Amino acid sequence: HLGLIVVELVTNAMKHGRGNVTVSVVREPTALAIAVSDEGAGFPARFDAAESAGLGLKIVSSMAGHDQEPAILVDRSVPFSRIVARMAVKAAGG
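Residues numbered from 1 in each chain as written. Predicted model: local features only at pLDDT ≥ 70, side-chain atom pairs only at ≥ 80, totals over all residues. Heavy atoms only, no water.

### Describing the pattern of salt bridges
Right, on to step 1. The final tally for this structure, using the stated rule, is 2 salt bridges.
Right, on to step 2. As a salt-bridge pair, E28 and R86 come within 3.0 Å of each other at their nearest N and O atoms. Of this pair, E28 sits in the loop between β1 (21-27) and β2 (31-38) while R86 is found in strand β4 (residues 81-88), placing the two residues 58 residues apart along the sequence.
Right, on to step 3. D75 serves as the salt-bridge partner of R82, at 2.8 Å between the closest nitrogen and oxygen.
Right, on to step 4. A residue is classified by how much of its surface remains accessible, and R82, at 23% relative accessible area, is partly exposed.
Right, on to step 5. For D75, a relative accessible area of 17% translates into the label buried. (Salt bridge = Lys/Arg side-chain N within 4 Å of Asp/Glu carboxyl O. Helix = DSSP H or I, 4+ residues; strand = E, 2+ residues; numbered from the N terminus. Buried < 20%, exposed > 50% of the residue type's maximum accessible area, 1.4 Å probe, protein only.)

Structure (C-alpha cells):
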C-alpha cells in the first residue's frame, strides 16, 4: 500500500501543485507518516483532505486506514503545500 499512497499523493502534487515535489516517510510507533510537499501556496482554507471528493485522496484514505488519527490531513503549519497520510503498521517488536 505504501507505494500506491505515494504515487497518488505525488500525482496530485504534480497535477495541482507547483515547483519541486518532495516525499518523506517517517516511522512512528504505530504508523508510517508519508508527507508530500510542493512549492505551491498551500491548500484553500476550506479544503479538507479527509472529506475530499477526489478519487485519489479517497484511495489514499482507504489504504492508509489509521485508527487513532485522521488517515490523511493537510499540514497548514508550513507556508507551502504539504499533505500527510498516516498508514497503520504494527508496533516494532509486536
